[in-house]
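# Breakdown of the fold
Each chain is listed here by its residues.
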Amino acid sequence: MALEEQGVPSVAVHTHVFARLVRATAQANGMPKTRQAFVPQPVVDKSAAELRAYVEGVDPVSRRPFMQEVIEGLTGPLDAADLSGLSFDRSTPRLLEPDTEENLRALFEKNHWTDCLPIVLPTEERVAAMLKGTSHQPDKVVGRMRPTSFREFWEYTVEKVAVNAVMAGAKPEYFSVILALASTGETAKCSSTTSMTNLAVVNGPIREEIGMNCGIGAMGPYSHANATIGRAYQLLSQNLQGGSVPDESYMGTLGNPFAYSFCFAENEERSPWEPLHVTKGMKASESAFRPPAGIFRRSSSWTRSWRGSLKTRASTRSASSSTGARKMPGFRRANIGTTSGCRRFYYLWRMRASSPTRRASRPSLTTSSRCSRRKTSTS
């Protein structure tokens with residue numbers, strides 16, 4: 001066999017904390033025998049002498065000399081196992097075997113199908129009720145998603161999105177928004193060192209139609225629509241992208257509390273700016289949402305000293321105007337990071353059914369609308 005047909009031996013070098021992740025990634029991409037070598041974590045802010053000690057020292061995973069691992073990996077001939085590759089069956093059963101509610105809940109938790117909070121079990125009847133919120137066929141492929149750029153895409157149908165919407169406790173009238181979020185192919189469970197998660201902002205008449213909160217408490221646990229739409233997006237990202245397991249397919253350091261649910265509506269009526277979707281060329285009477293944008297737990301910038309690092313972490317950052325996302329009051333000193341990826345809007349009507357609850361016409365929204373007049377209880 002010619003050398004170009006056989007391949008050339010190579011060794012991938014990583015820090016030891018990523019051992020499980022890189023092996024799982026190699027397995028997922030059909031290369032289970034990829035040759036690996038590891039050095040201690042961290043490598044940032046280390047002197048040349050300290051880094052040389054890594055190279056001359058012991059691989060913390062194999063417990064063998066690091067350079068011995070590298071040399072043997074580069075000089076050892078490729079065998080049949082190296083060249084064989086690996087294929088996968090991506091199909092999953094549509095239904096689980098009947099069991100008690102307690103056992104089924106335990107199964108969902110064991111398989112990492114939940115966010116570790118109680119869920120609504122997705123029975124056939126409940127999923128069928130959720131599917132009434134769209135005119136799309138249950139077996140229609142609606143999107144493809146992956147947790148990171150170096151893992152493979154997984155494909156999913158309208159019905160699978162509905163399963164996750166049921167689990168989140170959403171209502172059928174919310175399903176158009178959830179389905180549109182799923183159609184972007186943008187995961188909310190980003191496997192980033194910065195613990196990134198994604199938010200979605202909803203605009204237009206649908207805010208009123210499904211009772212979204214865009215006033216006091218809009219980002220808190222005070223709206224069933226906001227909370228369950230955001231949670232459904234997080235759950236479908238976890239389950240339909242091929243998993244989100246810490247230290248395997250999720251490497252978000254400390255994690256991010258926004259990853260439970262983060263979806264709200266823009267308060268268009270009381271905003272000093274034009275509605276966000278209007279600035280993007282849509283009509284105020286159209287319903288849309290901004291494609292998911294990243295929210296970071298901390299800055300991803302590195303500095304050479306702890307003083308510089310502390311200064312970077314303590315600095316306040318607001319929404320980036322370069323992506324078309326406006327700066328919003330209350331964000332400027334919240335240090336929640338930057339928004340990114342605002343490339344296009346998705347028309348929600350594409351994902352909506354002709355429903356008797358949908359209004360044929362409606363008056364223009366005013367400052368007395370439900371979103372803008374939410375008040376705190378005096379009790």
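Above this text sits the structure in question.
This write-up is about the structure you can find in this document.

### Observations regarding unusual backbone geometry
In this chain, Gln41 is followed by Pro42 through a cis amide linkage whose omega measures 5 degrees. Looking at the secondary structure, you find Pro42 in the loop between strand 2 (36-39) and helix 3 (48-56). One non-glycine residue, Arg63, adopts positive backbone phi at about 65 degrees. Looking at the secondary structure, you find Arg63 in the loop between helix 3 and helix 4 (66-75).

### A word on the nonpolar core
Formed by 43 residues in total, the largest nonpolar core has its most connected members in Val161, Phe175, Ile178, Met212, Ile229 and Leu236. Of all elements in the fold, only helix 6 (101-110), helix 7 (124-131), strand 3 (141-145), helix 8 (158-168), helix 9 (175-183), strand 5 (197-203), helix 11 (224-240) and strand 6 (263-265) reach the threshold of two or more residues within this core. What Val161 contacts, discounting residues up to four positions off in sequence, is Val142, Tyr156, Phe175, Ile178, Leu179, Ala182, Leu236 and Leu240.

### Quick look at the pattern of salt bridges
On inspection of all chains with the given rule, the structure shows nine salt bridges. The salt bridge involving Arg94 is made with Glu124; its shortest N-O contact spans 3.7 Å. Of this pair, Arg94 sits in the loop between helix 5 (80-84) and helix 6 while Glu124 is found in helix 7, placing the two residues 30 residues apart along the sequence. By relative accessible area, which is 56% here, Arg94 ends up exposed. Judged by relative accessible area, Glu124 falls into the partly exposed class, the value being 46%. Its salt-bridge partner being Glu269, residue Arg207 comes within 2.6 Å of it at the nearest N-O pair.

### Focus: a nonpolar patch on the surface
A cluster of nonpolar side chains, contributed by Val43, Val44 and Leu51, occupies part of the molecular surface with about 190 Å² of accessible area. Within the secondary structure, Val43 sits in the loop between strand 2 and helix 3. The class of Val43 is partly exposed, set by a relative accessible area of 39%.

Thresholds applied
Residues numbered from 1 in each chain as written. Predicted model: local features only at pLDDT ≥ 70, side-chain atom pairs only at ≥ 80, totals over all residues. Heavy atoms only, no water. Helix = DSSP H or I, 4+ residues; strand = E, 2+ residues; numbered from the N terminus. Core = buried A, V, L, I, M, F, W, Y, C linked by side-chain atoms within 4.5 Å. Buried < 20%, exposed > 50% of the residue type's maximum accessible area, 1.4 Å probe, protein only. Contact = heavy atoms within 4.5 Å. Salt bridge = Lys/Arg side-chain N within 4 Å of Asp/Glu carboxyl O. Patch = residues over 30% accessible without salt bridge, like charges linked within 9 Å, V, L, I, M, F, W, Y side chains within 5 Å. Areas by Shrake-Rupley, 256 points an atom, 1.4 Å probe, with all protein chains shown as cover.

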